[in-house]
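Chain by chain, the residues:
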Protein chains: 2
Amino acid sequence: MVRKPLDDFHFIDGGVTAPAGFLATGLACGIKKTGAADLALLHCPGGAAAAGLFTRNDVVAAPVTLGRERLPARGVHGVVINSGCANACTGEPGLAAAREVVAAAARVLGCVPAAVLPCSTGVIGDPLPAAKISAALPRANALLARDGGHAFATAILTTDTVAKEAAVEVALSGGTVRIGGCAKGAGMIHPNMATMLAVITTDVILTAEQAHALLTAAAAATFNRISIDGDTSTNDTLYLLASGTTGVTLASSVDRERFAAALKTVCGRLAQAIVRDGEGATKLATVHVAGGRSAEQVAKVGTAIVRSPLVKTALFGGDANWGRIVCAAGYAGAGITPESTTLRLGDLVLFEAGVPTGAGRSQAAADLMAAADIEITLDLGQGHAATTFWTCDLSYDYVRINAEYRT
Amino acid sequence: MVRKPLDDFHFIDGGVTAPAGFLATGLACGIKKTGAADLALLHCPGGAAAAGLFTRNDVVAAPVTLGRERLPARGVHGVVINSGCANACTGEPGLAAAREVVAAAARVLGCVPAAVLPCSTGVIGDPLPAAKISAALPRANALLARDGGHAFATAILTTDTVAKEAAVEVALSGGTVRIGGCAKGAGMIHPNMATMLAVITTDVILTAEQAHALLTAAAAATFNRISIDGDTSTNDTLYLLASGTTGVTLASSVDRERFAAALKTVCGRLAQAIVRDGEGATKLATVHVAGGRSAEQVAKVGTAIVRSPLVKTALFGGDANWGRIVCAAGYAGAGITPESTTLRLGDLVLFEAGVPTGAGRSQAAADLMAAADIEITLDLGQGHAATTFWTCDLSYDYVRINAEYRT
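On a predicted model such as this, the values are computed, not experimentally measured, just so you know.

Draft legend 1. Fine view of the overall build of chain A. If you tally the helices and strands in chain A, you get 11 helices and 16 strands. Relative to a compact globule of 407 residues, whose C-alpha radius of gyration would be 22 Å, chain A shows 21 Å and is just as compact. For chain A, the C-alpha atoms occupy an extent of roughly 65 × 55 × 30 Å along the three principal directions. In chain A, which comprises 407 residues, the proportion classed as buried is 64%. Pairs at least 24 residues apart make up 80% of the contacts formed inside chain A by residues separated by at least 6 positions.

This is how it looks when you write it as structure tokens:
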């Protein structure tokens, strides 16, 4: 968790409409059989500088193809997102459907199609019902509101159980600016560049290139450090839109640092909220990997640990079966050395200098594993590189949700 | 599944004691709280040429360290295996305990300690109760029998529900020889070089170097092509012992090919038996990856598919949610191209030339997914490399077994 002094920034209520210059809404257009909200629309009437980060999967959804072509860019006026259908593995017909939706959104928002960014999330391989979305967009446009962020955050959900929003206010030399965002996750979460879907807004003035650089740095330490099931989706998309409505710029290096830290905090909150609401999750585990020779090494080790089904079922069972953590680190292909490795659960040392301390069988370890928030630190004892990952446990409900998902 | 004409070789009953020149047994020595068999002893009175393949995990159990030092070698007289304790992450005391067990086994078998190969399997991080094992070894020695292979195969099990054995008889130019083997698996199965534990015996004459080359080739297409949970263990060990009792050698290239094919078949049977008995498994999926540019590419794609929790929960749910298979292939980092990719379930084409065929929602697809044996073929349409993987589904019972394992 990123911690910064409160005088730099503080959390406020709201999500994507917390910053000035944005309107949003969410509603049901008939894609989800349940009748739940499945269409989300964000509008930036003054135009925004925007950046996007996308999945590195070789197989990408149609909206990812369109979004990648467009960004980074100035003059972005809207984001249109549907849930309930991923529009992935749908070939040329899928691209045509995504273009149809973007064109329909551009018509209601009064901008060119190139100024609208699309996203889809849901089942892979089903055709996108573009006509349903296009038919609902005039209604969505009429519902756009300055307090519509929560409706927007709700309409992008799939198997998520709660909307995920975060917003902060940051004091810069030229004045106060805001950053807000929302995300959805739940399954197929092992982001590689961005997460399933997240939209971040701000009212500071940024160039498209600044937006891209800031977003890339923030995602590296947040969205790219979480895993629910190790499956990198075809649709991962993270957008940042800067309306510039406040007239405030990042005038100094202090401003840039403050804004970057605040952006990372918003991204971190959303990334952790995704893990906490992971499919079937009952626990959030924070996994610190320290003492590495390189950033690549600690990333490899952390990835192996947060992907391990054996580590994740031990978390679910509340069993301090720490050998599984050391084993996962060992098969990461990162050249760890057990004799220099230390494993801690909270502040309790379980394994040190190649041998168990015995604490793994203690009541103290059992108590720490029974908590909803579990902190694990693996110090490789080889250098000074460090990073932090977040994951959830693997429960019966993960299996239930995913065995039954499409049916 | 490897298929060879019956005139080359045929299956026979038995396991490690099917070939001439081997005695074995299994019994309870008190490691497992349940009182189940947990000590297995194999004896080759005439000495065997032996080879071993071991986990590539950076963190290796003490018996792996000893076994690696010894092989390939001639004059191997025995294998001693305990279940219920992995003797991994146990440092110098663990190595000393493994040496104590090997020395005790050498005493009862009347050979030097260097002629005994050790294995351990069970919980990581607990100290090995070497005294219990040493105390039971004289009794084990008294029980050694020509028909003791099944008792040996039973005593090496942990969460496995059935013993896994296979044996074949091969007609070579110099006479008939046999290959037998047994294996254990169940969890922490994503072998990288060998699987959890498997011992193969034969009565053909081999040099230690021949044994190593034959074993490496057979494992590459069998034990290294299975995954239950993506977790590569600290203890993976695969031994091959050749007693030479028949006096038959691999005299010609035809003999070598026949023997290699038969060995691969025994390894393949055992590897598939491990997957079929995977923790909580209800289904066996055979995943063919074809049309690749290179062996490395098809291996990457296959690994991603058989590791994917989303693919495996869809198998459990009997849901032909094929988009998850294409998605996993896409994030394998192998450069697949959806527009050239074809996905088949049995003979049913679900995805072709970048678009769904519609068959994924058919009754025929549902029927194929409801079967206990599921065959999936992903043709990348880029070249001629191909390989086959085996995996099982991810069920409630996998979670139950691993949430409760240590407690």
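Additional details are given in the paragraphs that follow.
Draft legend 2. Representation of the relation of the copies chain A and chain B. Of the transformation superimposing chain A on chain B, the axial component is 0.0 Å and the angular component is 180 degrees, with the fit at an RMSD of 0.0 Å. Here the symmetry operator amounts to a two-fold rotation axis. It is Y396(A) whose C-alpha, among those of chain A, lies nearest the rotation axis, at 2.7 Å. When the interface residues of chain A are mapped onto chain B, 100% of them are again interface residues, pointing to one common binding face.

Draft legend 3. Seen up close, the sheet that holds strand 14 (residues 355-356) of chain A. All names here are of chain A. If you trace the seven strands from one edge of the open sheet to the other, you get 9-16-11-15-12-13-14, paired in mixed fashion. The two strands at the open ends of the sheet, each matched to only one other strand, are strand 9 (226-227) and strand 14. Here strand 12 (residues 342-345) runs beside strand 15 (residues 373-379); their pairing, made up of four bridges, is antiparallel. By the bridge assignment for strand 15, L343 is matched with L378.

Draft legend 4. Broad picture of the pairing of strand 10 (residues 237-242) of chain A. Residue and element names in this part refer to chain A. Counting buried residues in strand 10 gives six out of six residues, a clear majority hidden from the surface. In this sheet, strand 10 lies alongside strand 3 (residues 39-54) in antiparallel orientation, the contact comprising six bridges. Bridging from a neighbouring strand, L53 pairs with L238 of strand 10. Across six bridges, the pairing between strand 8 (residues 197-202) and strand 10 is parallel. Each residue of the ladder has a partner; that of T201, found in strand 10, is L241.

Draft legend 5. Spotlight on the sheet that holds strand 14 (residues 355-356) of chain B. All names here are of chain B. Strand order across the open sheet formed by seven strands is 9-16-11-15-12-13-14, with mixed pairing between neighbours. In the strand order of this sheet, the two ends are held by strand 9 (226-227) and strand 14, each with one partner. Judged from the two bridges that link them, strand 13 (residues 348-352) and strand 14 form a sheet pairing that is antiparallel. Counted as the bridge partner of E352 is V355 from strand 14.

Draft legend 6. Representation of the domain arrangement of chain A. Residue and element names in this part refer to chain A. The assigned domain composition of chain A is domain 1 (9-276) and domain 2 (284-404). With centres defined by C-alpha atoms, the gap from domain 1 to domain 2 works out at 32 Å. With 12 residues of domain 1 in contact, the opposing surface of domain 2 contributes 11 residues. Mapped by element, the contributors of at least two residues to the side of domain 1 that touches domain 2 are strand 9 and helix 6 (253-276). Ranked by residues supplied to the side of domain 1 that touches domain 2, first place goes to helix 6 with four residues. Across the side of domain 1 that touches domain 2, the residue classes break down as four nonpolar, six polar and two charged.

Draft legend 7. Local environment of helix 1 (residues 62-70) of chain B. Among the residues making up helix 1 of chain B, those that are buried are A62(B), P63(B), V64(B), L66(B) and G67(B). On its buried face, helix 1 of chain B sits against strand 3 (39-54), helix 2 (91-109), strand 5 (116-123) and strand 10 (237-242) of chain B.

Draft legend 8. Expanded view of the nonpolar core. Core analysis: the biggest nonpolar cluster contains 302 residues, and A50(A), V301(A), A50(B) and V301(B) have the highest contact counts within it. Each residue touching A50(A), except ones within four places of it in the same chain, is listed here: L71(A), P72(A), A73(A), V76(A), L117(A), A208(A), A211(A), Y239(A), L240(A) and L241(A).

Draft legend 9. Representation of the packing of helix 8 (residues 309-317) of chain A against helix 9 (residues 323-330) of chain A within the structure. Residues and elements named next belong to chain A. In the contact formed by helix 8 and helix 9, the axes pass within 9 Å of each other and the chain directions differ by 160 degrees. Relative to helix 9, helix 8 is oriented roughly antiparallel. The handedness of the crossing between helix 8 and helix 9 comes out as left-handed. In this structure, helix 8 uses L310, V311 and A314 to contact helix 9, whose residues at the interface are R324, I325 and A328. Residue composition of the contact of helix 8 with helix 9, by class: five nonpolar, no polar and one charged.

Draft legend 10. Main features of the environment of D203(B). Residues and elements named next belong to chain B. Tracing the sequence through the fold places D203 in the loop between strand 8 (197-202) and helix 5 (208-221). Assessed through the 26 C-beta atoms surrounding it within 10 Å, D203 is described here as buried. On a C-alpha basis, the gap between D203 and A242 in space is 5.5 Å, while along the polypeptide they are 39 residues apart. Excluding anything up to four places from it in sequence, D203 contacts P19, A20, G21, V177, R178, S243, G244, T245 and T246.

Draft legend 11. Broad picture of the confidence of the model for chain A. Residue and element names in this part refer to chain A. In the predicted model, chain A carries a mean pLDDT of 88, and 95% of its residues have values of at least 70. Across residues 1-6, confidence stays below pLDDT 50; counting only partners more than four residues off in sequence or on other chains, it has eight contacts. Under the prediction, the complex receives an ipTM of 0.75, its pTM being 0.79.

Draft legend 12. Molecular detail of the environment of D13(B). Mapped onto the elements, D13(B) comes out in the loop between strand 1 (9-12) and strand 2 (23-27). Here the alpha-carbon distance between D13(B) and A299(B), two residues 286 residues apart in the chain, equals 33 Å.

Draft legend 13. Quick peek at helix 9 (residues 323-330) of chain B. For helix 9 of chain B, the tally of buried residues reaches eight of eight residues, placing the bulk of the element in the interior. Among the residues of helix 9 of chain B, those classed as buried are G323(B), R324(B), I325(B), V326(B), C327(B), A328(B), A329(B) and G330(B). Elements that come into contact with the buried residues of helix 9 of chain B comprise strand 5 (116-123) of chain A together with helix 7 (295-307), helix 8 (309-317), strand 12 (342-345), strand 13 and strand 15 (373-379) of chain B.

Draft legend 14. Region of interest: the environment of G84(B). Relative to the helices and strands, G84(B) resides in strand 4 (residues 73-85). Spatially, the C-alpha atom of G84(B) lies 6.6 Å from that of D38(B), the residues being 46 residues apart in sequence.

Draft legend 15. Fine view of the packing of helix 1 (residues 62-70) of chain A against helix 2 (residues 91-109) of chain A. All names here are of chain A. Packing of helix 1 against helix 2 brings their axes to within 8 Å, and their N-to-C directions diverge by 60 degrees. Put simply, helix 1 runs oblique to helix 2. Considering how the two elements wind past one another, helix 1 and helix 2 form a crossing that is right-handed. Each of A62, P63, T65 and L66 in helix 1 lies in contact with helix 2, whose residues at this interface are G94, L95, A97, A98, R99 and V102. Within the contact of helix 1 with helix 2, the residues separate by chemical class into seven nonpolar, two polar and one charged.

Parameters at a glance
Residues numbered from 1 in each chain as written. Chains lettered and ligands numbered in written order. Predicted model: local features only at pLDDT ≥ 70, side-chain atom pairs only at ≥ 80, totals over all residues. Helix = DSSP H or I, 4+ residues; strand = E, 2+ residues; numbered from the N terminus. Rg over C-alpha atoms; globule rule 2.2 N^0.38 Å. Buried ≥ 20, exposed ≤ 12 C-beta atoms within 10 Å, placed from the backbone. Contact = placed C-beta atoms within 7 Å. Least-squares fit on C-alpha atoms with pLDDT ≥ 70 in both. Pairing = 2+ DSSP bridges. Domains from an automatic or database assignment. Nonpolar A, V, L, I, M, F, W, Y, C, P; charged D, E, K, R; others polar. Core = buried A, V, L, I, M, F, W, Y, C linked by C-beta atoms within 7 Å. Axes fitted to C-alpha atoms, helices over the stretch in contact; angles between N-to-C directions. Parallel < 35°, antiparallel > 145°, perpendicular 65-115°, else oblique. Left-handed = near helix turned anticlockwise from the far one by under 90°. pLDDT = per-residue confidence, 0-100.

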